[in-house]
Amino acid sequence: MSQQVATPATDATRPSHRHALDVAHPPPGPGNTRAVLLPVAVVLLIGTVFVSVYLAAFHAPHPHRLRVGTTEIGTAQAHLSQDLERVAPGGFTVVTYPDETAAREAVQDRKVYAAYLGDGELLYGSANGAAVTATVTTAFGSVAHAEHHELAVADVAPAAAGDTRGLSVFYAAFGLVLAGYLFGMTTYQLAPRLQYRWRMASLALFGTVGGLLIATIAGSTGFGALPGSFVPLVTVIALMGAAVGGTTMVLLRLFGSAGVSLASILMLILGNSSSGGIMPAAYLPGWLRPLSEILPVGVGVRAMQGLSRFQDDGLTRALVILPVWILGAALVLYLKDVYRSGTPTARPA
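Definitions and limits used
- Residues numbered from 1 in each chain as written.
- Predicted model: local features only at pLDDT ≥ 70, side-chain atom pairs only at ≥ 80, totals over all residues.
- Heavy atoms only, no water.
- Helix = DSSP H or I, 4+ residues; strand = E, 2+ residues; numbered from the N terminus.
- Buried < 20%, exposed > 50% of the residue type's maximum accessible area, 1.4 Å probe, protein only.
- Contact = heavy atoms within 4.5 Å.
- Areas by Shrake-Rupley, 256 points an atom, 1.4 Å probe, with all protein chains shown as cover.
- Pairing = 2+ DSSP bridges.
- Axes fitted to C-alpha atoms, helices over the stretch in contact; angles between N-to-C directions.
- Core = buried A, V, L, I, M, F, W, Y, C linked by side-chain atoms within 4.5 Å.
- Parallel < 35°, antiparallel > 145°, perpendicular 65-115°, else oblique.
- Left-handed = near helix turned anticlockwise from the far one by under 90°.
- Salt bridge = Lys/Arg side-chain N within 4 Å of Asp/Glu carboxyl O.
- Patch = residues over 30% accessible without salt bridge, like charges linked within 9 Å, V, L, I, M, F, W, Y side chains within 5 Å.

### A closer look at the overall build of the protein chain
Argument step 1. A tally of helices and strands in the protein chain yields eleven helices and five strands.
Argument step 2. Looking at the protein chain as a whole, 45% of its 349 residues qualify as buried.
Argument step 3. Counted over contacts in the protein chain with a minimum sequence separation of 6, partners at least 24 positions apart contribute 71%.
Argument step 4. As displayed, the protein chain has an accessible area near 18300 Å², and 64% of this comes from carbon and sulfur atoms.

If you want it as structure tokens, here you go:
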């Protein structure tokens, strides 16, 4: 009886169990290099812009021609201007008012950020935030000391009970701007062939619901940080959200994936840093200040603050400028999505 002897398996008969790392891969090509480097470059660029802009705006803030009022005239006003210039060179612009009533109304309307009545008496508004309060009380404290008086202050535009530091409007606006940016980005990602009229309906729905939510949460029914009239507050917030969302959509359609980065820089970085939610535009560097007057965030934030504490300051500007942003975005998207080749070509998703 023969006996079979087991022989070791040869390479030809042994089962193959190669690991993925054992398989030879082709060397990286130009496409792989681009895929590796481009995300790093784009994200670091946005991060660098964010850090640079916010540090430029807030690392050492000081006022630039901050408007303040006075009832002093003649030599007394000249001395006042000289004392303010000594304390903060170029920091203040002095506006003259005929009496205390007019000066008080100017502070309450935010035409000026404080008003000096002479003899050490100062009117100010804590609703302008801690930075402004510290600036005016320090500066006019020096003025009163030069006049041999103790500074006596009266808060004629107090901060809301739910916004003692004056920062709630910034966080509310930042959240809405972030939502508008994400909406503008995802609407084309989720439904790239959605008909124009339905996309505009989606933008209108986003703005309306966003306005209702933010006004309810931050307003008198919620935290009490924005205690203004509910309907005007909803209107301004809705317009601001739609303007941000519409602008993001336009940048995405015009520049493709690069538009996402451009929108983040324009709206999230430049828009929020120049909004005036942290401190007034007068504290910003000269190159950043004009943006607070034209970008949707700054326009909306000023109106939200005015509705809450400053007798509707900025409301008219918001009701003019924000619709212009929305209508401009709607027009560009109409031309891009409906008349791309000179003929209507949009189809349902």
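### Description of the environment of Gly 47
Argument step 1. Considering the arrangement of structural elements, one finds Gly 47 in helix α1 (residues 30-58).
Argument step 2. Judged by its relative accessible area of 33%, Gly 47 falls in the partly exposed class.
Argument step 3. Along the backbone, Gly 47 and Ile 265 are 218 residues apart, and their C-alpha atoms lie at a distance of 9.5 Å.

### Focus: the sheet that holds strand β4 (residues 121-124)
Argument step 1. As summarised here, the arrangement of the five strands in space is β2-β1-β3-β4-β5, forming an open sheet in which the pairing is mixed. Because the sheet does not close on itself, it has two edges, and the strands there are β2 (92-96) and β5 (152-155). When the angles between neighbouring strand axes are averaged without regard to direction, this sheet yields 25°.
Argument step 2. One ladder, built from four bridges, connects strand β3 (residues 114-118) with β4; its direction is antiparallel. Looking at the pairing, Ala 115 lines up with Leu 123 of β4.
Argument step 3. Helix α2 (residues 74-87) rests against β1 (66-70), β2 and β3 of the sheet, and its axis sits at about 165° to β2.

### Remarks on the nonpolar core
In globular proteins that are soluble, nonpolar side chains generally tend to be buried together.
Argument step 1. Counting residues in each nonpolar core, the largest one holds 49 residues, and the members touching the most others are Leu 233, Ile 237, Met 249, Met 304, Leu 322 and Leu 333.
Argument step 2. Put simply, the parts of the chain that give this core at least two residues each are α5 (168-190), α6 (196-218), α7 (230-255), α8 (257-273), α10 (296-309) and α11 (315-337).
Argument step 3. Excluding residues that lie within four positions of it along the chain, Ile 237 makes contacts with Leu 176, Gly 210, Gly 211, Ile 214, Ala 215 and Met 304.
Argument step 4. Grouped together as the second largest cluster of nonpolar side chains are 32 residues, Leu 80, Ala 88, Tyr 116 and Ala 144 included.

### Quick look at the packing of α6 against α11
Argument step 1. At a minimum axis distance of 10 Å, the contact between α6 and α11 shows a crossing angle of 155°. Regarding the angle of α6 to α11, the classification is roughly antiparallel. Here α6 and α11 pass one another in a crossing that is right-handed. Across from Tyr 196, Arg 199 and Met 200 in α6, the residues of α11 making contact are Ala 330, Leu 333, Tyr 334 and Asp 337.

### What about the environment of Ile 237?
Argument step 1. In this structure, Ile 237 sits in helix α7.
Argument step 2. When the C-alpha atoms of Ile 237 and Ala 172 are compared, they prove to be 9.6 Å apart, with 65 residues separating the residues in sequence.

### A word on unusual backbone geometry
Argument step 1. For Arg 110, which is not a glycine, the phi torsion comes out positive at approximately 60°.
Argument step 2. Positionally, Arg 110 belongs in the loop between α3 (100-108) and β3.
Argument step 3. Phi is positive for Asp 119, which is not a glycine, with a value near 55°.
Argument step 4. You can see Asp 119 is positioned in the loop between β3 and β4.

### Considerations on the pattern of salt bridges
Argument step 1. Taken as a whole and assessed by the stated rule, the structure comprises six salt bridges.
Argument step 2. For Glu 293, the salt bridge is made with Arg 317, and the minimal N-O distance between the two is 3.4 Å. Taken together, the residues Glu 293 in helix α9 (residues 291-294) and Arg 317 in helix α11 connect sequence positions 24 residues apart.
Argument step 3. One continuous salt-bridge network, built from bridges that share partners, spans Arg 110, Arg 302 and Asp 313.

### Examining a nonpolar patch on the surface
Argument step 1. On the surface, a cluster of nonpolar side chains totalling about 520 Å² of accessible area is made up of Leu 205, Val 209, Leu 213, Ile 217 and Phe 223.
Argument step 2. Along the chain, Val 209 turns up in helix α6.

Coordinates in, geometry out; function isn't part of it.
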